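Structural features, examined
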Amino acid sequence: MSTADVDVDVVIVGAGPAGLSAGLNLARSMHSVLIFDANRPRNAATLSSNGFLSRDGISPLELRKLGLAEIEKYPDTAFQPALVESIRRSKSGTFVVVASGLRGSAARTSVTCSIVVLASGLTEVLPDLPSIYHFYGTSLHSCLVCDAFEKRGQALALIGETNDLAERAVLISRWTDDLIVFTNGVGVVTSRDEHSLADRGIRVIREPIADVEGGRGGMTGVRLDSGEVIARVGGFVRPEYVANIGFAEELGVKRDANGLIEVDGYGRTSVPWVYAAGDITPPGPKQLIIAAGAGAMVAGGISRDEYLGISGPWAAVGAGAGPVGAGAAPVGESSAPGKSARTR
Ligand SMILES: Cc1cc2nc3c(=O)[nH]c(=O)nc-3n(C[C@H](O)[C@H](O)[C@H](O)COP(=O)(O)OP(=O)(O)OC[C@H]3O[C@@H](n4cnc5c(N)ncnc54)[C@H](O)[C@@H]3O)c2cc1C
């Protein structure tokens, strides 16, 4: 174990609900915390966030503002709008996090810490249609439980290029009986599935799409390559998702077949003292309250690992020497590699 001083106990990458909730609970567990955020939350496209208990319908920006304000009440917490560019492990076992300022600022920060929490979320890629992002988050959505209630009973589209469109369509039919599936000539719907969708009154259009049509008032239809416009007032898309993890490649955390960071129940990754929470962990895109819950679990896991010794996946890689007793200061191989001067 290194006894090297670090600038801060924990660096959190991402100020979405996962990172903020980890930050809040870590601050309450006597950690110094620095949160970096690149200000690109995935839900920025929408005006209201639904389904977060006690905050149903709140604007995503407001939710973030409230979360940050709560964290900043605690001593030894800081938020820095910046893009994390790299994280590497130093010889002493601590982490060196390099981040650059936002909006073209040349300012660059290098910070050392004992523990890293990856909560940088996902980037979604929608089918390549000229106007689709214009309607995303208002007329078109991706999460059913988040947004289908407001679309109930309407003439909806499901647009996607994946092979799970039939299943998705059946799920959407809970909210409307006027649904058309658009495969854009790419998405897979077997003829068997097409027949069972037809039995439910759901049509499948396989022709490539030229664009989504509409104006300020919202979406009005889907224009096919042939020029035909199918009237639709909104609906759902099936994005592809990419984990925002390029900056942490050097750490070598284990990822699943979809590129998501594998974690145990406490958010431990395959690399000791690196934790992950939120949409960046399997099964991928979820909901705000789930990401927030995962962040809280990570904070609990970190405190356990510091004071009770490492167990779980890291014991196998020789990073832990077993429990050292509740309330004891971190000692031996099982303790975090450094402690910030501020919290000593
Ligand atoms: C359009 C839309 C609408 C949604 N509506 C709802 C809803 O109504 N209800 C609901 O419960 N869920 C909704 N969701 C889902 C919800 O937004 C996500 O599940 C949730 O935000 C995931 O939280 P997270 O903390 O894991 O990631 P995010 O909220 O995506 O936060 C990740 C943060 O990490 C930052 N980041 C990424 N890379 C870096 C880097 N290199 N350096 C610094 N910072 C970085 C990003 O800027 C971002 O702020 C919606 C999603 C979308 C796309």
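I will try to describe carefully the structure that is included in this document.

Notes on the nonpolar core
Residues Val-11 and Val-117 are the most contacted members of the largest nonpolar core, which totals 55 residues. Those elements that place two or more of their residues in this core are strand 2 (8-13), helix 1 (17-28), strand 3 (33-37), strand 4 (77-89), strand 5 (95-101), strand 6 (108-118), strand 17 (274-276) and helix 7 (288-308). Other than its neighbours up to four places away in sequence, Val-11 contacts Leu-34, Phe-36, Phe-95, Val-97, Val-111, Cys-113 and Val-116. If you look at the next biggest cluster of nonpolar residues, it comprises 26 residues, including Leu-140, Leu-156, Ala-166 and Val-237.

Regarding the sheet that holds strand 13 (residues 218-224)
Two pairing modes exist for strands in a sheet, parallel and antiparallel, and in both the strands are linked by backbone hydrogen bonds. Pairing in this open sheet of three strands is antiparallel, and the strands run 12-13-14 from one edge to the other. The strands lining the two open edges of the sheet, one partner per strand, are strand 12 (209-215) and strand 14 (229-231). Going across the sheet, the axis of each strand differs from the next one's by a mean of 30 degrees, ignoring polarity. Looking at chain direction, strand 13 and strand 14 are connected through three bridges and run antiparallel. Paired with Val-222 across the strands is Ile-230, a residue of strand 14.

A word on the site of the ligand
Residues in close proximity to the ligand total 41 residues, the closest being Gly-14, Gly-16, Gly-121, Gly-278 and Gln-287. Broken down by secondary-structure element, the contributors of at least two residues to the shell around the ligand are helix 1, strand 3, strand 4 and helix 7. The residue makeup of the shell around the ligand, split by class, is 20 nonpolar, 16 polar and five charged. There are two domains that each give the shell around the ligand at least three residues, and those are domain 1 (5-123 + 241-343) and domain 2 (127-238).

Observations concerning the sheet that holds strand 10 (residues 179-182)
Strand order in the open sheet formed by five strands is 8-15-9-10-11, and the pairing between neighbours is parallel. Looking at which strands have only one partner, the edges of the open sheet turn out to be strand 8 (140-141) and strand 11 (203-205). As judged from the four bridges shared by strand 9 (residues 156-160) and strand 10, these two strands associate in the parallel manner. Of the residues in strand 10, the one forming a bridge with Leu-156 is Leu-179. Where helix 5 (residues 165-172) meets the sheet, its contacts fall on strand 9, strand 10 and strand 15 (234-238), and the angle it forms with strand 9 comes to roughly 155 degrees.

Notes on the packing of helix 1 against helix 2 (residues 60-72)
Running from amino to carboxyl end, helix 1 crosses helix 2 at an angle of 20 degrees, the nearest separation of the two axes being 9 Å. Put simply, helix 1 runs roughly parallel to helix 2. By crossing handedness, the relation of helix 1 to helix 2 is classed as left-handed. Along the contact surface, helix 1 presents Leu-20, Gly-23, Leu-24 and Ala-27, while helix 2 presents Gly-67, Leu-68, Glu-70 and Ile-71. Partitioning the contact of helix 1 with helix 2 into residue classes produces five nonpolar, two polar and one charged.

Criteria and cut-off values
- Every chain is numbered on its own, with residues counted from 1 as its sequence reads.
- Selection of residues for local features in this predicted model requires a pLDDT of at least 70, selection of side-chain atom pairs for listing and counting requires 80 or more, and totals for whole chains, interfaces and linings are taken over all residues.
- We define the nonpolar core as any set of buried residues of the types Ala, Val, Leu, Ile, Met, Phe, Trp, Tyr and Cys, connected via C-beta atoms lying within 7 Å of each other.
- Three exposure classes are used, based on other C-beta atoms lying within 10 Å of a residue's own C-beta, which is placed from the backbone: buried for 20 or more, exposed for 12 or fewer, and partly exposed in between.
- Secondary structure elements follow DSSP: runs of H or I of four or more residues count as helices, runs of E of two or more count as strands, with numbering from the N terminus.
- Each residue is represented by a C-beta atom placed from its backbone, and any two residues with such atoms within 7 Å are regarded as in contact.
- In this scheme, strands are said to pair when DSSP sees at least two bridges between them.
- Lines are fitted to the C-alpha atoms to define the axes, a helix being fitted only along its stretch in contact, and any angle between axes, read from their N-to-C directions, falls within 0 to 180 degrees.
- In this entry, near means the residue's backbone-placed C-beta atom lies within 6 Å of the molecule or strand.
- Under the grouping applied here, Gly and all other residues not named as nonpolar or charged are polar, the nonpolar ones being Ala, Val, Leu, Ile, Met, Phe, Trp, Tyr, Cys and Pro and the charged ones Asp, Glu, Lys and Arg.
- Bear in mind that the domain bounds are from an automatic or database domain assignment.
- Note on terminology: angles under 35 degrees are roughly parallel, angles over 145 are roughly antiparallel, angles of 65 to 115 are roughly perpendicular, and the others are oblique.
- A crossing counts as left-handed when the near helix is turned anticlockwise from the far one by less than a right angle, and as right-handed when that turn is clockwise.

Remember that the coordinates give geometry; whether it matters functionally is a separate question.
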